[in-house]
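# Fold and geometry: a report
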Amino acid sequence: TVKDKRIIEQKNGFPLDDLNYLIEKANLSSCVLLLDCCHSGNFIETRLMEKSLDIFQHKRDYFVITACGSYETAKTIRKADHSVFSGAIIAGLSESNADSQGKITCDRLYADLTDKIGGKLQSPLRMGIGGAITLVKYPLAQGEEIAEIEPIRDHKGEIVCPYQGLNVFT
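Residues numbered from 1 in each chain as written. Predicted model: local features only at pLDDT ≥ 70, side-chain atom pairs only at ≥ 80, totals over all residues. Heavy atoms only, no water.

## Side note on the overall build of the chain
The cut-off we apply is this: A run of DSSP states H or I qualifies as a helix once it reaches four residues; a run of E qualifies as a strand once it reaches two. Both are numbered from the N-terminal end. For each residue, the accessible area found with a 1.4 Å probe, counting protein chains only, is set against the maximum for its type, and the residue is called buried under 20%, exposed over 50%, and partly exposed in between. Throughout, a residue-residue contact means that at least one pair of heavy atoms, one from each residue, lies within 4.5 Å.
Regarding its fold elements, the chain presents five helices and nine strands. Walking the chain from its N terminus toward its C terminus, one meets helices and strands in the order β-β-α-β-α-α-β-α-β-α-β-β-β-β. Taking all 170 residues of the chain together, the buried fraction comes to 30%. Taking contacts inside the chain between residues at least 6 apart in sequence as the whole, the part at least 24 apart equals 69%.

## Overview of helix α4 (residues 84–92)
We apply this condition: Regarding the arc, it is the one traced by the directions from the helix axis to the C-beta atoms.
Of the positions making up α4, those classed as buried are V84, F85, A88, I89 and G92. Along α4, the residues classed as buried sweep out an arc of 135° about the axis, all on the same side. Those residues of α4 hidden inside the fold are in contact with β3 (30–35), β4 (61–66), β5 (103–105) and α5 (106–116).

## Quick notes on the environment of I90
With respect to the helices, strands and loops of the structure, I90 is situated in helix α4. On the accessibility criterion, I90 (46% relative accessible area) is partly exposed. I90 sits 19 residues away from L109 along the chain, and the two C-alpha atoms are 9.7 Å apart.

## A few points about the side chain of T66
In plain terms, the rule: Each polar contact in these results corresponds to two N or O atoms within 3.5 Å; when the atoms are within protein, one needs to be able to donate a hydrogen and the other to accept it, and residues that are neighboring in sequence are counted only if both atoms are side-chain atoms.
Structurally, T66 can be placed in strand β4. From its side chain, T66 meets the backbone oxygen of C68 in a polar contact 3.3 Å long.

## Some details on α5
Within α5, burial applies to C106, L109, Y110, D112 and L113. For α5, the arc enclosing every buried residue in end-on projection is 160°, short of the 170-degree limit, so these residues lie on one face. Where α5 is buried, its residues touch β3, β4, α4, β5, β6 (125–129) and β7 (134–137).

## Things to note about the packing of α4 against α5
The cut-off we apply is this: The axes are straight lines fitted to the C-alpha atoms, using for helices just the contacting stretch, and the angles between their N-to-C directions are given from 0 to 180°. The labels follow the angle: roughly parallel below 35 degrees, roughly antiparallel above 145, roughly perpendicular from 65 to 115, and oblique for the rest. Two helices cross in a left-handed way if the nearer one is turned anticlockwise from the farther one by less than a right angle. They cross in a right-handed way if the turn is clockwise. For this classification, Asp, Glu, Lys and Arg are treated as charged, while Ala, Val, Leu, Ile, Met, Phe, Trp, Tyr, Cys and Pro are nonpolar and the rest, including Gly, are polar.
Taken N-terminus to C-terminus, the directions of α4 and α5 make an angle of 130°; their axes are 9 Å apart at the nearest point. By the angle between their directions, the pair α4 and α5 is classed as oblique. Like other packed secondary-structure pairs, α4 and α5 cross with a definite hand, here right-handed. Only L109, D112, L113 and K116 of α5 make contact with α4, whose side of the interface consists of F85, A88, I89, A91 and G92. For the contact of α4 with α5, the per-class residue count stands at six nonpolar, one polar and two charged.

## So, the sheet that holds β3
How we decide: Only strands joined by at least two bridges in the DSSP assignment are considered to pair.
The mixed open sheet is built from three strands, whose spatial order is β3-β4-β6. Two strands lie at the open edges of the sheet, namely β3 and β6, each paired on one side alone. Sheet twist, expressed as the mean angle between neighbouring strand axes with direction ignored, is 5°. In the sheet, β3 pairs with β4 via six bridges, with the strands oriented parallel. In the sheet register, S30 faces β4, and the bridge partner there is D61. Running at roughly 10° to β4, α5 makes contact with β3, β4 and β6 of the sheet.

## So, the pattern of salt bridges
To be explicit about the condition: Note on definitions: salt bridges are taken to be side-chain nitrogens of Lys or Arg within 4 Å of carboxyl oxygens of Asp or Glu.
One pass over the structure, following the stated rule, counts two salt bridges. Here R126 and D107 are joined by a salt bridge, their closest N and O atoms 3.3 Å apart. On the criterion of sequence distance, the pair formed by R126 in strand β6 and D107 in helix α5 is long-range, its members being 19 residues apart. K116 is the salt-bridge partner of D112, the closest N and O atoms lying 2.4 Å from each other. One end of the pair is D112 and the other is K116, both in helix α5 and four residues apart, which spans about a single turn.

What follows is the structure, encoded as structure tokens:
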């Protein structure tokens, strides 16, 4: 609830400490956080990311996009299946928004979001550190094949871990 541009009540919130804990336990090399909630821009505007979420001080690449500014509400349209922000994200991740290499990066998604909804209904915000993060990669050309990655095998040739880069079932 907002009164005189101050948040005076919050219900069903998710504590930043809990979010920090979950992200830290995930041990990610990069992280993308999309916040589709009212007043989500407060997360960026007050630099809570750097102060409250310790994990981002140790990660190289991260990107946050919020649905709106700190004193804005995240909008919905009654007959729509999704909120304004979520609908724009879904459209922004479609193949039609991919670049010439078939990629959609966080920066490209954010540019699409601001074109579609920025300043009209609400004002998405962003904050990122590190390199570009590719969210989606579509096949480049018809007939292009994706290289198959061999599973990791032990000295007997048996599959130890079916996915390269993952420790066995941890």
